[in-house]
Amino acid sequence: MAEYDQAKRELCFKLVYDGPALSGKTTNLIELCALIAADQRGEIMSLETSNDHTLFFDLLPVRFSAPSGLNICLKLFTVPGDSTLDSTRKAVLSRADGVVFVADSQRNRTTSNDQSFESLVNHAGKTGMALESMAKVVQFNKRDLPDVMSEKDMHTHWQASGWPLTFASAVDGTGVLETFTALVEQIYRQVDRRYSMSSKHGVSERSFVGAALGI
């Protein structure tokens, strides 16, 4: 649940990048760090990363002022993809306001994607998260690799989930910004419903997203 600090007039959201091991969650944050204006984000903080596996979590804080004057804080987390760290994944996911599920586009990773997504849904249920009403995106990463599923097959396979899909090659930044923007647009709609920003302050979805990116 988003937290509001009245003294700072700051609304803080927790956004989590979930997905199987080595799907590119940390790479997404690294690329975002390069794309978002330096004065609006901190440095990536990684806790206990070894052999390209995140053992606890990564954190990238983003702070900006919306055109309405409301201060927005986005705390971007990644969860460890290793299934043996299930309790840590559950703890990081707890109280999230938005989720990006980073899936691996390679055909031989379909089962891993499905198992990790099922784990996400189970954790959400146990922690009281309402996935159906929160900001969420599935990113199919690693589109630059051989033997990837077609976008048509992915839409068919994931249609039942009801999650919006994006496609990316996070290692070179392709699709990273589009995924983040898709999530922030949904966050805007949540804020707008609660604070009537568009009617009271003339704040558009585009201007809100632009403020988040520092453009």
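Counting restarts for each chain, with residues numbered from 1 along the sequence as it is written. Side-chain atom pairs in this predicted model are given and counted only at pLDDT of 80 or more, local residue features only at pLDDT of at least 70, and totals for whole chains, interfaces and linings cover all residues. Hydrogens and waters are ignored; side-chain quantities use all the structure's heavy atoms.

Asks: Would you explain the environment of A170 in this entry?
Replies: Summarising the element assignment, A170 is placed in the loop between strand 8 (165-167) and helix 5 (176-195). Buried, partly exposed and exposed residues are distinguished by accessible area as a fraction of the type maximum, computed with a 1.4 Å probe on protein chains only: under 20%, between the cut-offs, and over 50%, respectively. According to the relative accessible area criterion, A170 is buried, its value standing at 1%. Between the C-alpha atoms of A170 and T27, which are 143 residues apart in sequence, the distance is 6.1 Å. Here A170 is in contact with G24, T27, N28, E31, N141 and V176, once residues within four sequence places are set aside. Comment: elements are numbered from the N terminus, with helices defined as DSSP H or I runs of at least four residues and strands as E runs of at least two. By the convention used here, residues are in contact when the closest approach between their heavy atoms is within 4.5 Å.

Asks: Teacher, can you tell me more about the packing of helix 5 against helix 7 (residues 205-213) here?
Replies: Angle between the axes and distance between the axes: these two values describe a pair of packed helices. Direction vectors running N to C along helix 5 and helix 7 enclose 125°, while the axes themselves pass 9 Å from each other. Here helix 5 lies oblique to helix 7, going by the angle between them. In the packing of helix 5 onto helix 7, the handedness of the crossing is right-handed. For the pair helix 5 and helix 7, the contacting residues are L177, F180, T181, V184, E185, Y188 and R189 in the first and E205, F208, V209, A212 and L213 in the second. Across the contact of helix 5 with helix 7, the residue classes break down as eight nonpolar, one polar and three charged. Lines are fitted to the C-alpha atoms to define the axes, a helix being fitted only along its stretch in contact, and any angle between axes, read from their N-to-C directions, falls within 0 to 180 degrees. Here roughly perpendicular refers to angles of 65 to 115 degrees, roughly parallel to angles under 35, roughly antiparallel to angles over 145, and oblique to all remaining angles. In a left-handed crossing the near helix is turned counterclockwise from the far helix by less than a right angle, and in a right-handed crossing that turn is clockwise. Classification used: nonpolar for Ala, Val, Leu, Ile, Met, Phe, Trp, Tyr, Cys and Pro, charged for Asp, Glu, Lys and Arg, polar for all others including Gly.

Asks: What's the story with unusual backbone geometry in this structure? I'm lost.
Replies: The bulk of non-glycine residues show a negative phi, and the bulk of peptide bonds are trans. We note that L22 has phi near 60°; this positive angle belongs to a residue other than glycine. Considering the arrangement of structural elements, one finds L22 in the loop between strand 2 (10-18) and helix 1 (25-35). The backbone of K142 sits at a positive phi, close to 65°, despite the residue not being glycine. Tracing the backbone through its elements, the reader meets K142 in the loop between strand 7 (135-141) and helix 4 (151-158).

Asks: Teacher, can you tell me more about the packing of aromatic side chains here?
Replies: Geometrically, a pair of aromatic rings is defined through the distance of the ring centres and the angle of the planes. Planes of paired rings set the category: under 30 degrees apart is stacked, over 60 is edge-to-face and the rest tilted, where pairs are Phe, Tyr or Trp rings (Trp by its six-membered ring) whose centres lie within 6.5 Å. For the coordinates displayed, the defined rule picks out eight aromatic pairs. Taking the centre distance of 5.8 Å and the plane angle of 40° together, the rings of F101 and W158 count as tilted. Here F101, found in strand 6 (residues 98-104), pairs with W158, found in helix 4; they are 57 residues apart in sequence, far enough to count as distant. Relative accessible area serves as the criterion here: at 0%, F101 is assigned to the buried category. Any Lys NZ or Arg CZ found within 6 Å of a ring centre and within 35 degrees of that ring's normal is scored as a charge over the ring. If you follow K14 out to its NZ or CZ, it ends over the ring of F77, 5.1 Å from the centre.

Asks: Before we go on, may I ask you to explain the pattern of salt bridges in this structure?
Replies: Any two side chains of opposite charge can pair, so long as their charged atoms come close to each other. Put simply, a salt bridge is a Lys or Arg side-chain nitrogen that is within 4 Å of an Asp or Glu carboxyl oxygen. Using the criterion set out here, one finds six salt bridges in the structure. Between R63 and E10 there is a salt bridge whose closest N-O contact spans 3.3 Å. Here E10 lies in strand 2 and R63 lies in strand 4 (residues 53-65), a separation of 53 residues in the sequence. Judged by its relative accessible area of 13%, E10 is buried. Salt bridges sharing partners connect three or more residues here, namely D104, R109 and K142.

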